[in-house]
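Reading the structure
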Amino acid sequence: MRLRQCLSQLKPYIAGKGYTEITRKYKVPLKDIIKLGSNENPYGPSPQVARALKTISVERYPESEELLSALSSYIGFPEENIVIGAGMDGVMETLTRLFLENGDKSLIPIPTFSYYEILTILNGAKPIFAERVLDFEIPKTIPNDVKMVFICSPNNPTGNATPEDVVRQLTETTEAIVFLDEAYVEFAEKSLANLVEKYDNFIVGRTMSKAFGLAGLRLGYAVVPEWIAEQYRRAAPPFFGITCASVAAGIAALRDLEYMRLSVSKICSERERLWKAMRCSPSQANFLYVETIEPSDIVAEKLLRQGIIIRDCRSFLGSGDHHIRVTIGTTEQNNRFLQAYQKLCV
Ligand code: PMP
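Residues numbered from 1 in each chain as written. Predicted model: local features only at pLDDT ≥ 70, side-chain atom pairs only at ≥ 80, totals over all residues.

This part covers the sheet that holds strand β7 (residues 202-207). One open sheet accounts for seven strands, arranged β2-β8-β7-β6-β5-β3-β4; its pairing is mixed. Since the sheet does not close on itself, it has two edges, and those belong to β2 (82-85) and β4 (126-131), each with one partner. Taken pair by pair, the neighbouring strands of this sheet meet at an average axis angle of 25°, ignoring direction. Where strand β3 (residues 105-110) meets β4, six bridges bridge the pair, whose relative direction is parallel. By the bridge assignment, L107 is partnered in β4 with I128. Against the sheet, helix α3 (residues 65-75) engages β2 and β8 (220-223), with an angle of about 125° to β2. (Pairing = 2+ DSSP bridges. Helix = DSSP H or I, 4+ residues; strand = E, 2+ residues; numbered from the N terminus. Axes fitted to C-alpha atoms, helices over the stretch in contact; angles between N-to-C directions. Contact = placed C-beta atoms within 7 Å.)

Moving on, we come to the environment of F187. Tracing the backbone shows F187 in the loop between β6 (177-181) and β7. Along the chain, F187 and E66 lie 121 residues apart, while their C-alpha atoms are 26 Å from each other. With sequence-adjacent residues up to four places away left out, F187 is seen in contact with A211, V264, I267, C268, Q284, A285 and N286.

This paragraph deals with helix α5 (residues 115-122). Buried within α5 are the following residues: Y116, E117, I118, L119 and T120. Contacts made by the buried residues of α5 are with α4 (87-99), β3, β4 and β5 (146-152). One or two positions beyond α5, positive phi appears at G124, with a value near 85°. (Buried ≥ 20, exposed ≤ 12 C-beta atoms within 10 Å, placed from the backbone.)

When you tally the buried positions in strand β9 (residues 287-291), you get four out of five residues, the bulk of the element. Relative to strand β12 (residues 323-327), β9 is paired through five bridges, and the arrangement is antiparallel. Bridging across to β12, V290 finds its partner in I324.

Our focus in this paragraph is the pairing of β12. Of all five residues in β12, five are buried; the element is thus mostly enclosed. Side-chain alternation along β12 places H323, R325 and T327 on one buried face and I324 and V326 on a second face that is also buried.

Counting 98 residues, the largest nonpolar core has V149, V178, F179, I203, A222 and A253 as the members making the most contacts within it. Residues contacting A222, with those up to four places away along its chain left out, are V83, V91, L95, I203, V204, G205 and R206. (Core = buried A, V, L, I, M, F, W, Y, C linked by C-beta atoms within 7 Å.)

If you want it as structure tokens, here you go:
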């Protein structure tokens with residue numbers, strides 16, 4: 001056997017469906033497809049991003065200093081506490097390499113983002129799953145032998161945020177590294193990034209993919225204690241996986257916070273409207289988690305035939321087979337989804 005043994009435990013990561021797949025399979029014209037399956041921002045990034053992208057020199061390797069200083073002003077932490085990567089995925093890849101190895105264990109409250117499990121296994125470690133129960137909350141204690149804990153808040157796919165006192169208590173009572181994934185935090189009531197100052201086992205992951213509308217450029221970052229930032233720079237790939245395009249776009253987007261905040265406020269008000277109409281769990285993210293009467297794969301298939309892409313949550317471990325996740329789109333997109341969904345329910 002040439003391959004590493006851990007690969008046999010892995011299935012490919014399942015992403016939300018894309019435009020090409022749906023036009024090919026269902027013959028729906030591209031213009032009629034609405035994509036509410038990947039938690040992207042329907043308003044895209046600030047117009048300053050397109051301008052910035054015209055100025056890049058693609059023959060040069062990327063430089064990260066200006067990006068770090070823009071992130072530092074945005075997040076309110078010194079550059080020494082910020083690490084960057086190709087999406088938060090890239091950041092997590094390097095971070096897990098710092099802490100997990102053969103025989104280690106990670107704790108993953110489920111249902112949640114599946115990449116934590118993949119990275120744990122790829123590093124030779126073992127994921128321990130804890131079911132999120134009442135209101136999708138995480139367990140209050142961590143087994144002693146766990147090396148890393150992944151808390152997604154607001155959680156993908158359930159949309160709930162973990163309260164500060166729970167995160168604090170957990171972090172204070174464990175030796176493990178607590179990774180708080182705040183991919184969707186701009187849509188939430190509050191961030192807990194400030195806790196990085198207090199705890200040396202606490203990391204907050206962030207991304208430019210969601211509120212800032214830069215999913216296609218792959219740019220993420222994390223706020224970490226200084227000792228972790230130093231080790232991160234040893235284990236990270238050259239240029240941290242960033243590109244001239246992601247750097248230029250990231251800086252431009254961070255300089256136009258007004259645009260980002262406006263798109264977030266439109267998405268949040270649409271989220272409340274859709275939530276009332278759907279009568280589902282409340283959400284602090286840019287999506288809703290909806291329990292379906294029919295099995296979720298059937299619901300997803302019926303919507304796909306009409307060109308509406310949502311996420312069938314069967315691929316989320318612990319989600320069962322009666323949940324879908326719907327990204328909040330523009331008012332027009334949400335209306336089309338709502339009409340189609342309500343027709344399915346009668
Ligand atoms: N964390 C969560 C909870 C996510 O949903 C995603 C995106 N699907 C990521 C991290 C990764 O984001 P990025 O695009 O920055 O790699």
